Amino acid sequence: MSHANVFRATFQRELKLLARQKADWVNPLLFFIIILTLFPLGVGAKPNLLREIAPGVIWIAALLSVLLGAERQFRQDYRDGVLEQLVAARSPLVGYSLAKIAAGWLGSGLPLILVSPLLALFLGLSTEALTAVVLTLLLGTPLLSLLSALGAALTLSADKGGILLTLIILPLYIPLLIFASAAVEQASFGLNYQAQLAVLAAMLCVALALVPLAVQKALKLNVG
Amino acid sequence: MLLSARQLSCIRQDRVLFEQLDLQLHAGEVLQIAGKNGAGKSSLLRILAGLVDPEDGEICYQQQPLSHSADDYADNLCFIGHLAGVQPQLTALENLAFWRACFALAPADDWALLAQLGLAGLEDIPCQQLSAGQQRRVSLARLWLTTAQIWILDEPFTALDQGAIAALTRRIAAHCEAGGAVLLTSHQPVEVPGHVVRQLTLEYRW
Amino acid sequence: MFKWLDPYAKPQVLFATLLWWQRWLMPLSIIVLLLGTVWGLGFTPADYQQGDSYRIIHVHVPAAIWSMGVYAWMAIAAFIALVWQVKTAQWAIGAIAPIGAVYTLIALFTGAAWGKPMWGTWWVWDARLTSELILLFLFLGVMALQNAFADRQTGDKAAAVLAVVGVVNLPIIHYSVEWWNTLHQGATITKFAKPSMDPSMLWPLLICILGFALLFGALTCLRLRTAILQHEAHRPWVRQYVQEQQHATV
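Scoring rules and cut-offs
Residues numbered from 1 in each chain as written. Chains lettered and ligands numbered in written order. Predicted model: local features only at pLDDT ≥ 70, side-chain atom pairs only at ≥ 80, totals over all residues. Heavy atoms only, no water. Helix = DSSP H or I, 4+ residues; strand = E, 2+ residues; numbered from the N terminus. Buried < 20%, exposed > 50% of the residue type's maximum accessible area, 1.4 Å probe, protein only. Phe/Tyr/Trp six-rings, centres within 6.5 Å; stacked < 30°, edge-to-face > 60°. Lys NZ or Arg CZ within 6 Å of the ring centre and 35° of its normal. Pairing = 2+ DSSP bridges. Contact = heavy atoms within 4.5 Å. Axes fitted to C-alpha atoms, helices over the stretch in contact; angles between N-to-C directions. pLDDT = per-residue confidence, 0-100. Buried area = accessible area lost by both parts, 1.4 Å probe. Salt bridge = Lys/Arg side-chain N within 4 Å of Asp/Glu carboxyl O. Polar contact = N/O pair within 3.5 Å; in protein donor to acceptor, adjacent residues only side chain to side chain. Nonpolar A, V, L, I, M, F, W, Y, C, P; charged D, E, K, R; others polar. Core = buried A, V, L, I, M, F, W, Y, C linked by side-chain atoms within 4.5 Å. Parallel < 35°, antiparallel > 145°, perpendicular 65-115°, else oblique. Left-handed = near helix turned anticlockwise from the far one by under 90°.

Looking only at helices and strands, chain C features seven helices and zero strands. In sequence order, the secondary structure elements of chain C are arranged as α-α-α-α-α-α-α. Projecting the C-alpha coordinates of chain C onto the three principal axes gives extents of approximately 60 × 40 × 35 Å. Burial statistics for chain C: of 250 residues in total, 48% are counted as buried.

We now examine the packing of aromatic side chains. Enumeration according to the criterion identifies 11 aromatic pairs over all chains in this entry. Pairing F74 of chain A with Y96 of chain A gives two aromatic rings, centres 6.2 Å apart and planes at 40 degrees, and the pair type is tilted. Taken together, the residues span a long stretch of sequence, with F74 of chain A in helix α4 (residues 72-80) and Y96 of chain A in helix α6 (residues 93-108) at a distance of 22 residues. Accessibility expressed as a relative area gives 0% for F74 of chain A, which makes it buried. A cation over an aromatic ring shows up here: R13 of chain A above the ring of F98 of chain B, its NZ or CZ 4.5 Å from the ring centre. Its end group placed over the ring of W99 of chain B, R142 of chain B keeps NZ or CZ at 4.9 Å from the ring centre.

Turning our eyes to something else, we now look at the sheet that holds strand β5 (residues 64-65) of chain B. All names here are of chain B. Spatially, four strands are ordered β2-β1-β4-β5 in an open sheet, and the strand pairing comes out antiparallel. Only two strands of the sheet have a single neighbouring strand rather than two, namely β2 (15-25) and β5. In the sheet, strand β1 (residues 3-12) pairs with strand β4 (residues 56-61) via five bridges, with the strands oriented antiparallel. Looking at the pairing, A5 lines up with I59 of β4. Contacting β1, β2 and β4, helix α1 (residues 41-48) runs over the sheet at an angle of about 125 degrees to β1.

What follows concerns the confidence of the model for chain C. Regions with low pLDDT should not have their predicted coordinates read in detail. All names here are of chain C. Predicted confidence across chain C gives a mean pLDDT of 84, with 91% of residues reaching 70 or more. The lowest-confidence element of chain C is helix α5 (residues 152-185), averaging 83 in pLDDT; the highest-confidence one is helix α2 (residues 57-84), averaging 91. Within the model, the stretch residues 186-193 combines pLDDT values under 50 with eight contacts to residues more than four positions away or in other chains.

Here we come to the interface of chain A and chain C. Opposite the 23 residues of chain A that make contact, chain C presents 27 residues. Counting each side, the surface lost to burial between chain A and chain C is near 2100 Å², with a carbon and sulfur contribution of 81%. Taken together, chain A and chain C are joined by zero salt bridges. Inspection of the region where chain A meets chain C yields one residue pair in polar contact (both at pLDDT 80 or more). When residues of the side of chain A that touches chain C are assigned to their parent elements, the largest contribution, 10 residues, is made by helix α9 (residues 161-188) of chain A. Along the lines of polarity and charge, the residues of the side of chain A that touches chain C split into 16 nonpolar, four polar and three charged.

Here the focus is the pairing of β4 of chain B. All names here are of chain B. Here β4 runs beside β5; their pairing, made up of two bridges, is antiparallel. Bridge assignment links Y61 to a residue of β5, and that residue is Q64. Counting the residues in the hairpin turn of β4 and β5 gives two residues, including Q62, whose phi is positive at 50 degrees.

Here the focus is the side chain of S176 of chain C. All names here are of chain C. Tracing the sequence through the fold places S176 in helix α5. For S176, a relative accessible area of 1% corresponds to the buried category. A polar contact is formed between the side chain of S176 and the backbone oxygen of I172, at a distance of 2.9 Å. Here I173 takes part through its backbone oxygen, which lies 3.0 Å from a polar atom of the side chain of S176.

Residue and element names in this part refer to chain B. Taken in spatial order, the five strands line up as β6-β7-β8-β3-β9 in an open sheet, and their pairing is parallel. The sheet is open, and its two edges are formed by β6 (77-80) and β9 (197-202), each paired on a single side. Averaged over neighbouring strand pairs, the angle between their axes works out to 15 degrees when direction is ignored. Each of β3 (30-35), β7 (150-154) and β8 (181-185) is contacted by helix α7 (residues 162-177), which is oriented at about 145 degrees to β8, the strand it contacts most.

The next subject is the interface of chain B and chain A. Opposite the 29 residues of chain B that make contact, chain A presents 27 residues. Interface of chain B and chain A: buried area, both sides summed, is about 2400 Å²; carbon and sulfur atoms make up 59% of it. Here chain B and chain A share three salt bridges between them. Between R46 of chain B and E84 of chain A there is a salt bridge, with its nearest N and O atoms 2.3 Å apart. Inspection of the chain B/chain A interface yields nine residue pairs in polar contact (both at pLDDT 80 or more). Every element with two or more residues in the side of chain B that touches chain A is listed here: α2 (66-75), β6 and α3 (92-102) of chain B.

The next point concerns the side chain of Q85 of chain A. Its location among the elements puts Q85 of chain A in helix α5 (residues 82-88). Classification of Q85 of chain A by relative accessible area gives buried; the value is 5%. Sequence-distant contacts of Q85 of chain A, that is, excluding residues within four places in its chain, are made with F79, I80, G81, G85, W99 and R142 of chain B.

Turning our attention to unusual backbone geometry. Residues and elements named next belong to chain B. Within the chain, Q62 stands out as a residue other than glycine whose phi angle is a positive 50 degrees. The residue Q62 is located in the loop between β4 and β5 in this model. Of note, E155 is a non-glycine position whose phi angle comes to about 50 degrees, a positive value. Along the chain, the position of E155 falls in the loop between β7 and α7. Of the residues examined, E155 reaches a relative accessible area of 16% and is grouped as buried.

Here we come to the nonpolar core. Counting residues in hydrophobic clusters, the biggest one holds 175 residues, and the most contacted among them are F74 of chain A together with I152 of chain B. Ignoring any residue separated from it by four or fewer positions in sequence, one finds F74 of chain A in contact with L83, Y96, K100, A149, A152, A153, L156, V215 and L219 of chain A. C78, F157, L184 and V197 of chain B belong to the second largest nonpolar core, which has 20 residues in total.

To continue, consider the packing of helix α3 (residues 47-70) of chain A against helix α7 (residues 110-123) of chain A. All names here are of chain A. As a packed pair, α3 and α7 sit with axes 11 Å apart at the nearest point and diverge in direction by 150 degrees. In terms of their interaxial angle, α3 and α7 are classed as roughly antiparallel. The two elements α3 and α7 meet at a crossing, and its hand is right-handed. Residue-level inspection shows L50, R51, A54, I58, A62, S65 and V66 of α3 in contact with α7, the latter providing L112, L119, F122 and L123. Its residues assigned to classes, the contact of α3 with α7 shows nine nonpolar, one polar and one charged.

Spelled out as structure tokens, the structure:
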């Protein structure tokens with residue numbers, strides 16, 4: 001029973017589930033697009049204003065749509081007893097949680113990147129800004145998936161998991177929000193934003209190293 | 001002696017379920033934990049399976065305290081709780097394949113195994129469309145896959161029909177003959193052909 | 001190296017030790033706080049720029065300093081709880097978190113009240129104020145998580161994980177907010193230059209900082225003792241203790 005075995009088995013299983021339950025990845029995507037249409041309706045469709053708030057709006061919408069599906073990430077395996085089996089067998093839960101997070105990103109992060117050209121139309125972004133949006137989403141959405149997996153694991157057996165998850169995870173998102181929207185803003189002024197990308201990459205590396213361990217701990221204590 | 005517990009106690013929501021409980025499980029033996037609803041049977045099994053830490057006391061696997069032998073013990077343990085451990089959107093075959101891949105078990109004929117459990121023709125239907133008893137059988141199919149010596153089963157006979165109960169008791173008997181040991185809870189009397197079923201009764205306490 | 005600490009992990013031993021500490025710390029913290037505030041509010045000279053309104057510093061600065069300090073202590077307790085599985089350390093998290101949240105609230109509130117006469121507005125998105133606000137969210141998150149489970153033990157352990165995750169994140173949050181602030185705001189009113197304080201002003205401030213620390217210690221002793229009693233309610237020694245208390249009061 002190695003990390004690689006458990007990772008492979010879980011990842012294959014999650015891909016099958018993604019293919020079977022399309023609502024799991026279609027709904028967050030629709031949610032993302034709808035939120036983006038709400039902003040022009042709410043603050044007024046002045047092109048300059050939209051361009052100015054675009055970086056923040058995109059990133060807040062991305063954050064909310066990833067959070068939307070986060071609660072369900074481990075819930076089903078917990079209710080069905082699959083997690084209980086893995087914990088009783090002392091399986092390497094790091095492999096399991098990495099597979100879950102990777103599949104979760106394929107379901108909730110990747111679609112956002114694919115539809116991001118649409119944002120350029122909606123919010124009047126320049127090509128440079130759009131490139132920055134795509135690059136920050138590439139680095140940032142895996143980080144979102146990691147953090148929301150941590151929130152989901154911590155609140156797994158809690159009575160009111162969903163809202164609690166948002167409460168405890170949102171403060172942790174703040175650095176990501178700051179650097180990602182700053183990068184897009186810099187890009188829209190035609191400035192260099194490599195520094196922000198480097199910081200995002202560094203945060204992703206730290207999270208990738210530490211979050212699976214915390215998720216493993218959180219899953220164990222919720223099952224016990 | 002495969003498994004032993006000394007002076008176990010368990011407290012749930014400020015209620016003492018049991019205190020200073022001693023228990024031994026030898027190879028080739030079936031031990032049934034009996035007791036009323038809420039007497040702490042499931043809690044005891046979860047503690048013995050290493051899922052929960054006891055409030056007090058010590059569990060030993062082959063005379064070694066669990067703090068030293070947890071990994072060996074887990075490799076040699078098959079725990080089936082009252083949750084099925086079956087992913088409802090996947091088929092029975094896919095569920096078995098997942099367990100096989102996770103635990104790196106040798107491939108074998110899953111179709112024949114499922115047919116033996118009376119699930120012929122239902123192999124590739126998502127498990128959520130099966131009845132409770134059929135889902136239970138998918139879950140118990142793991143007992144035919146596992147190489148573990150110690151089985152801990154929480155209410156394995158629930159929702160099963162006569163045929164399935166007979167198949168399960170035969171499997172338990174074969175397991176004991178091969179030197180395994182079974183610890184189970186059940187509200188019905190358990191009879192395993194050729195083996196004495198030892199009973200341990202938990203008193204309900206307020 | 002830390003073997004001598006082992007007996008203190010036992011709830012009963014810790015309970016007695018805390019009682020001893022609490023008896024000293026509680027009156028001491030009240031005396032020190034009274035001394036510091038009366039001196040600071042009544043007897044120090046007024047600031048040449050800010051007049052009398054600067055006196056709120058005697059509450060604001062200690063609360064702000066110790067809001068971070070309390071988080072650090074909570075994270076240390078959480079670390080001990082996770083690594084060595086010490087139950088009393090788990091309970092300490094729940095005892096400490098609300099104290100930290102209140103300190104943070106005091107710092108935010110006095111900061112706003114100070115900001116109104118100085119900056120002309122209750123709230124500015126100053127880096128330190130924003131960090132403090134996020135710190136409050138972290139405290140509230142730990143408290144919410146701890147109370148969200150039917151099984152109290154799960155809540156204690158989950159809160160421990162979150163507290164440790166938070167302490168890893170705290171510097172990242174702090175620096176990103178500071179960086180964001182310089183980017184968005186430029187050098188505005190936010191950072192009031194710190195001229196070296198006159199000793200007559202500095203001493204009462206230092207005494208207040210000490211007072212807040214002592215109060216934190218005293219409140220932690222009190223709250224942790226309560227937590228021990230709640231968690232150990234079924235133990236004979238707790239029943240005996242409660243009976244003794246009843247006899248003493250009758």
